[in-house]
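Letter by letter, the chains look like this.
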Amino acid sequence: MSSTTARESAGGTGGGSRTAGSGTAESRTPGGRTDAGALTAGARTPGARAPGGPTPGDHPPGDHPPGRRARGPRTRAGFALLAAVQMTLIFTLASLAVPLPRIGTEFWLERAQLILLSAAYGLTFAGLLLFGGRLADRFGGRRILTAGLLVFGAASALAPLAPGYEALLAARFGQGVGAALVAPAAMAALRSLFPEPAAYGRAMATWGGLSVLGATAGNLLSGVISAATSWRGTFAVPVTVTVVALVLAPRVLPGTAPGGGPAPRSRSLDLPGALLATAGITLASLGLVLTDAHAWGSAPVLVPLLAGLVLLAAFGAVERRTADPLLPPDFLRDGRRVLGLAAIGLTATGMATVFILLSLSFQQQRGWDELRASAAFVPFAVALLGSGRLAGPLIGRYGPGRVTATGLGTAAAGLGLLAATGFDASVPYAYGLLPGLLLLPAGGALSFSAAAVLTTEGVPAHRAGLAGGVLNTAMELGPTVVFAALLTLGGDAVSLAAAAALFTALAVLTIRVK
């Protein structure tokens, strides 16, 4: 891979990134903000390549020496590999949504146990992501990616062998640990593949849509696989992708640190911060998840929730006194980045809420089997793919803020329709469910792609792992924490209506961001 390196300027962390050796700085506005249009112009999702146009790994003739241009196929292969891995991580998060009733029947589980089983992956995933990002920045993306894949693959292989609920729950926790290493490392490796800011911006516009696509695939394929074999067969997907990724990663991914040079080994790992953040996020999230089965004032909820909040407060205090903190305070001072993270977390919440609640409703209230329940989401996937193809060009033309707001507003309309008619078994699918199942993914694809650009633009190369950890933390905490809070509001329809209100409020806040 090229030795071109993007380094942070002396002025701060949120911007000032420059492509070393190329003599070209990132396009910036007078206020010092990265120009999103310059980063994302022409951005496209996979399969949306214009005739003769570049993909994220291509370079126009004359921009680079012949040796650089010859590396295009390897760059595209590396991007495809990382995309498959990212989609698989989110596929695994959603893969138990449709088979949950069958698992509950087989193991005699109550609703609270099913919710915990569904959330277990996200609990450890979200809790360890910040530390996973630090490890990726410290030791290099490919190295941590490999380590995480080994953990993720081993847990995925053990899950279908689980003889009971406890073993399956432990395997899901193990999958989350591996995923917490893989996700930020994949983004660090992505930054190594695309050191030029414009190419990286186009890649991120595509990257943002991969997660929602993975979640949709998880719901569709898990139902098909479960109906054809059993719920245990759904774990074949993460095992297969893991094996392929371990074989191909050394061949198509650069072995250097995200900056293109030696890994910044002088940086500390901030182990106290890592332990406090991991324990705090995990315990607080667990307390919220348990509100589905216990009252807010009960010990099973209050003990982990309060303990988690205390640990998170201690984390904040420790980080302010640490010379090299796990989460630098200045990283979240950019209001655009905060709005982007909020949009990612909320969009992930809306998707997960609909998948889980409707999958249960289809099978428990309408009496559908797993295959029919999965087939109900086929229009969802079609709308998602269609909207995803439009996301990159729209971001380049109108800016990530406006596209994020448009996506959130469209998704809010879909959630509102599903709240009104989605849980009434007497309402036909064609006009009771289909409109909402089209609007929600159409808006969600736009929101995810644009918010990913808002979150990562201007991030220097040596913080690519941190950006990946923070982005994925928002993506995992939304379905884990906000979803659990929504469930406490009342019925399933009330939960979707509340989500629609949150989407609308965030869209109003984001509409003025360029």
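A.B. asks: How should the overall build of the protein chain be read in this particular structure?
C.D. replies: Scanning the protein chain for helices and strands turns up 19 helices and three strands. Buried residues in the protein chain amount to 58% of all 514 residues. For the protein chain, long-range pairs separated by at least 24 residues make up 83% of all intrachain contacts whose partners lie at least 6 apart in sequence. On the protein chain, roughly 18,500 Å² of surface is accessible, and the fraction owed to carbon and sulfur atoms is 67%.

A.B. asks: Please clarify how the environment of Ala 451 should be interpreted in this entry.
C.D. replies: Within the secondary structure, Ala 451 is located in helix α17 (residues 434-456). Separated by 56 residues in sequence, Ala 451 and Ile 395 have C-alpha atoms that sit 9.9 Å apart. Beyond its immediate sequence surroundings of up to four residues, Ala 451 is in contact with Gly 340, Ala 343, Ile 344 and Thr 404.

A.B. asks: Sorry, what's going on with the side chain of Thr 92 here?
C.D. replies: Here Thr 92 shows up in helix α3 (residues 72-94). When neighbours within four sequence positions are excluded, Thr 92 is seen to be in contact with Tyr 121, Phe 152, Arg 172, Gln 175 and Pro 238.

A.B. asks: Please clarify how the packing of aromatic side chains should be interpreted in this entry.
C.D. replies: Any pair of aromatic rings gets described here by the distance separating the centres and the angle formed by the planes. Following the criterion strictly, the structure yields 11 aromatic pairs and no others. Seen in terms of ring centroids, Phe 79 and Trp 207 are 6.4 Å apart; in terms of plane orientation they differ by 65°. Their pairing is edge-to-face. One end of the pair, Phe 79, is in helix α3; the other, Trp 207, is in helix α8 (residues 197-228), and 128 residues separate them in sequence. Given the relative accessible area of 2%, Trp 207 is considered buried.

A.B. asks: Just checking my understanding: could you explain empty space enclosed by the protein for this structure?
C.D. replies: Empty space among the atoms becomes apparent when a probe as large as a water molecule is rolled across them. Considering all chains together, one arrives at five cavities of 30 Å³ or more under this definition. Those elements that place two or more of their residues in the lining of the largest cavity are α3, α5 (111-139), α8, α12 (335-364) and α18 (464-487). Residue classes in the lining of the largest cavity are distributed as 20 nonpolar, four polar and one charged.

A.B. asks: I'm lost on the confidence of the model for the protein chain in this one. Help?
C.D. replies: Close reading of the predicted structure is inappropriate where its pLDDT is low. Taken over all residues, the pLDDT of the protein chain has a mean of 79, while the share at 70 or more is 83%. Contacts of residues 1-55 to residues separated by more than four positions or lying in other chains number 114 contacts, the stretch itself having pLDDT below 50.

A.B. asks: Explanation requested: α12 in the structure shown.
C.D. replies: Side chains that are three or four residues apart share a direction in an α-helix, a result of its 3.6 residues per turn. The end-to-end C-alpha separation of α12 is 43 Å, in line with the 44 Å expected for 30 residues at 1.5 Å each. For α12, a buried count of 26 out of 30 residues is recorded, marking the element as mostly surrounded by other parts of the structure. In this structure Asp 334 caps α12, since a side-chain oxygen of it lies 2.9 Å from the backbone nitrogen of Arg 336.

A.B. asks: What exactly am I supposed to notice about the packing of helix α4 (residues 100-107) against α5 here?
C.D. replies: Two packed helices can be described by the angle between their axes and the distance between those axes. Relative to each other, α4 and α5 sit at 125°, their axes nearing to 10 Å. Relative to α5, the element α4 lies oblique. The element α4 and its partner α5 pack so that their crossing is right-handed. Contacts from Leu 100, Ile 103 and Gly 104 of α4 reach α5 at Leu 114, Leu 117 and Ser 118. Residue composition of the contact of α4 with α5, by class: four nonpolar, two polar and no charged.

A.B. asks: Is there a simple way to explain a nonpolar patch on the surface in this structure?
C.D. replies: Taken together, the side chains of Val 243, Val 244, Val 247 and Leu 248 make up a nonpolar region of the molecular surface, amounting to roughly 300 Å² of accessible area. Checked against the element boundaries, Val 244 lands in helix α9 (residues 236-252).

A.B. asks: Looking at this structure, I do not really get the side chain of Thr 347. What am I missing?
C.D. replies: With respect to the element layout, Thr 347 can be found in helix α12. Thr 347 gets classed as buried once you look at its relative accessible area, which sits at 1%.

A.B. asks: Would you explain the packing of helix α6 (residues 141-158) against helix α7 (residues 165-193) in this entry?
C.D. replies: At a minimum axis distance of 7 Å, the contact between α6 and α7 shows a crossing angle of 160°. When the axes of α6 and α7 are compared, the pair comes out roughly antiparallel. Where α6 crosses over α7, the handedness of that crossing is left-handed. Mapping the contact onto sequence places Gly 141, Ile 144, Leu 145, Gly 148, Leu 149, Val 151, Phe 152, Ala 155 and Ser 156 in α6 and Ala 171, Gly 174, Gln 175, Val 177, Gly 178, Ala 179, Leu 181, Val 182, Ala 185, Ala 186, Ala 188 and Ala 189 in α7. Class assignment of the residues belonging to the contact of α6 with α7 gives a composition of 15 nonpolar, six polar and no charged.

Reading guide: rules and limits
- Residues numbered from 1 in each chain as written.
- Predicted model: local features only at pLDDT ≥ 70, side-chain atom pairs only at ≥ 80, totals over all residues.
- Heavy atoms only, no water.
- Helix = DSSP H or I, 4+ residues; strand = E, 2+ residues; numbered from the N terminus.
- Buried < 20%, exposed > 50% of the residue type's maximum accessible area, 1.4 Å probe, protein only.
- Contact = heavy atoms within 4.5 Å.
- Areas by Shrake-Rupley, 256 points an atom, 1.4 Å probe, with all protein chains shown as cover.
- Phe/Tyr/Trp six-rings, centres within 6.5 Å; stacked < 30°, edge-to-face > 60°.
- 1 Å grid on protein atoms, 1.4 Å probe; cavity = no way out; pocket = protein on both sides within 12 Å on 5 of 7 lines; lining within 4 Å.
- Points joined across faces, edges and corners; volume = space filled by probe spheres on them.
- Nonpolar A, V, L, I, M, F, W, Y, C, P; charged D, E, K, R; others polar.
- pLDDT = per-residue confidence, 0-100.
- Expected span 1.5 Å × (residues − 1).
- Polar contact = N/O pair within 3.5 Å; in protein donor to acceptor, adjacent residues only side chain to side chain.
- Axes fitted to C-alpha atoms, helices over the stretch in contact; angles between N-to-C directions.
- Parallel < 35°, antiparallel > 145°, perpendicular 65-115°, else oblique.
- Left-handed = near helix turned anticlockwise from the far one by under 90°.
- Patch = residues over 30% accessible without salt bridge, like charges linked within 9 Å, V, L, I, M, F, W, Y side chains within 5 Å.
- Salt bridge = Lys/Arg side-chain N within 4 Å of Asp/Glu carboxyl O.

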